[in-house]
Amino acid sequence: MALITVKNLAIGYDSQAILAGLSFEVNPGDYLCIIGENGSGKSTLMKTLLGLSSPLDGEIVPGDGLKKNEIGYLPQQTFIQRDFPVSVREIVISGCQSKMGFHPFYSSKQRKEAEKNMEKMGITDLADRCYRELSGGQQQRVLLARALCAAEKVLLLDEPVSGLDPDVTAEMYELIKSLNDEGLAIIMISHDIFAAMKYSDHILHIGDELFYGTKENYLIYAKEDLSKWIN
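Residues numbered from 1 in each chain as written. Predicted model: local features only at pLDDT ≥ 70, side-chain atom pairs only at ≥ 80, totals over all residues. Heavy atoms only, no water.

Participant: What am I meant to see in the overall build of the protein chain here?
Facilitator: Within the protein chain, the secondary structure is distributed over 8 helices and 9 strands. For the protein chain, the spread of C-alpha atoms along the principal axes amounts to about 50 × 40 × 35 Å. Looking at the protein chain as a whole, 48% of its 231 residues qualify as buried. Nonlocal contacts in the protein chain, meaning residues at least 24 apart in sequence, comprise 70% of its contacts between residues at least 6 apart. Accessible area for the protein chain stands at about 11700 Å²; split by element, carbon and sulfur atoms hold 51% of it. Positive and negative charge centroids in the protein chain, built from 23 and 32 side chains respectively, lie 6 Å apart. (Helix = DSSP H or I, 4+ residues; strand = E, 2+ residues; numbered from the N terminus. Buried < 20%, exposed > 50% of the residue type's maximum accessible area, 1.4 Å probe, protein only. Contact = heavy atoms within 4.5 Å. Areas by Shrake-Rupley, 256 points an atom, 1.4 Å probe, with all protein chains shown as cover. Lys, Arg positive; Asp, Glu negative; His and termini not counted. Charge placed at Lys NZ, Arg CZ, Asp CG, Glu CD.)

Okay, structure coming up:
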């Protein structure tokens, strides 16, 4: 059963649609890359999937028992966020906030979850370091560990390698793929069409034209001239 089914969705702001007629689904274990031109509505779509923006039309149907607090989210990082003066451990465990309910303090289970995800991201030795003192690649690992504290079935990523050097970018892509191999469904916005074709199994292209399907079918759709989709 699909985790997320999108039916004839229209999204935008102030009743003005920037994207309409969008339908696709995300199944357990899928790796979906969302690509398209700047301003086509990629980030707005992700916010709508998260319930941070309301659709103008159509519907988003959760399935397989998926709850909002089972979706992890790694947004694009702002300059101000990069200078956040708190410890790595504090940032990572804050990903458990959606699961706290009315409890004012983190439970031992949530603390163990944070430690597990720091270990998974290879940042246990950074736990007591101040976040703003870390490199860009280390910060992204911290934020990914934070997102994993919320993610039970689905992880949404908005340009997760933006601003990283090539070596760190490759490491991040491999980390994300390893999470997908463990069964976590991935929905990722990316400008890197070559990484999308390497790691994903489905492509959603949005813009003047809409495409949703396997990456093999996307090659046919794009007539293998991928350069025209690169910004």
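Participant: Is there a simple way to think about the packing of aromatic side chains in this case?
Facilitator: How two aromatic rings sit relative to each other is given by the distance of their centres and the angle of their planes. Using the criterion set out here, one finds 5 aromatic pairs in the structure. Between Tyr173 and Tyr199 the ring centres are 5.4 Å apart and the planes differ by 25 degrees, which places this aromatic pair in the stacked class. You can see Tyr173 sitting in helix H6 (residues 166–181) and its partner Tyr199 sitting in helix H7 (residues 193–199), a full 26 residues away along the chain. The two residues Tyr173 and Tyr199 agree in class, both being buried. In textbook terms, an aromatic cluster arises when at least three aromatic residues are bridged by ring pairs, as seen for Phe211, Tyr218 and Tyr221. (Phe/Tyr/Trp six-rings, centres within 6.5 Å; stacked < 30°, edge-to-face > 60°.)

Participant: Any chance you could explain helix H4 (residues 108–120) here in plain terms?
Facilitator: Note on helix geometry: an α-helix contains 3.6 residues per turn, so any two residues three or four positions apart are oriented the same way. Compared with the 18 Å implied by 1.5 Å per residue over 13 residues, the 18 Å span of H4 between its first and last C-alpha is a close match. Buried within H4 we find Gln110, Ala114, Asn117 and Met118. Taken around the axis of H4, the buried residues stretch over an arc of 105 degrees, which confines them to a single face. Away from the buried face of H4 by more than 90 degrees, exposed residues Ser108, Lys109, Lys112 and Glu119 are located. (Expected span 1.5 Å × (residues − 1). Arc of directions from axis to C-beta.)

Participant: Hey, could you run me through helix H5 (residues 136–150) in this one?
Facilitator: The end-to-end C-alpha distance of H5, which contains 15 residues, comes to 22 Å, matching closely the 21 Å that a straight helix rising 1.5 Å per residue would cover. Burial within H5 is extensive, with 11 of its 15 residues counted as buried. Of the residues making up H5, those classed as buried are Gly137, Gln139, Gln140, Val142, Leu143, Leu144, Ala145, Ala147, Leu148, Cys149 and Ala150.

Participant: I would appreciate a short explanation of unusual backbone geometry in the present structure.
Facilitator: Most peptide bonds are trans, and most residues other than glycine sit at a negative phi. Its identity is not glycine, yet Asn8 carries a phi of approximately 45 degrees, on the positive side. Position of Asn8 relative to the elements: it lies in strand S1 (residues 4–13). Here the phi dihedral of Ser15 falls at roughly 65 degrees; this positive angle occurs in a residue that is not glycine. One can find Ser15 in the loop between S1 and strand S2 (16–26).

Participant: What should I look at first to understand the pattern of salt bridges in this one?
Facilitator: Per the counting criterion, the structure on display carries 7 salt bridges. Its salt-bridge partner being Arg89, residue Glu115 comes within 2.9 Å of it at the nearest N-O pair. Of the two residues, Glu115 sits in helix H4 while Arg89 sits in helix H3 (residues 88–93), which places them 26 residues apart along the sequence. Three or more residues are tied together by salt bridges with common partners; here these are Arg89, Glu115 and Asp128. (Salt bridge = Lys/Arg side-chain N within 4 Å of Asp/Glu carboxyl O.)

Participant: So what exactly am I meant to see when it comes to the sheet that holds S2 here?
Facilitator: Backbone-to-backbone hydrogen bonds pair the strands of a sheet. The strands run either parallel or antiparallel. The sheet built from 3 strands is open, its strands ordered S2-S1-S4 with antiparallel pairing. The sheet terminates laterally at S2 and strand S4 (57–62), the two strands that pair on one side only. Strand-to-strand, the axes of this sheet are offset by a mean angle of 30 degrees, without reference to chain direction. Taken together, the 5 bridges between S1 and S4 define a ladder with antiparallel strand orientation. Within S4, the position partnered with Val6 by the bridge is Ile60. Sheet strands in contact with helix H1 (residues 42–49) are S1, S2 and S4, and its direction is about 120 degrees off that of S1. (Pairing = 2+ DSSP bridges. Axes fitted to C-alpha atoms, helices over the stretch in contact; angles between N-to-C directions.)

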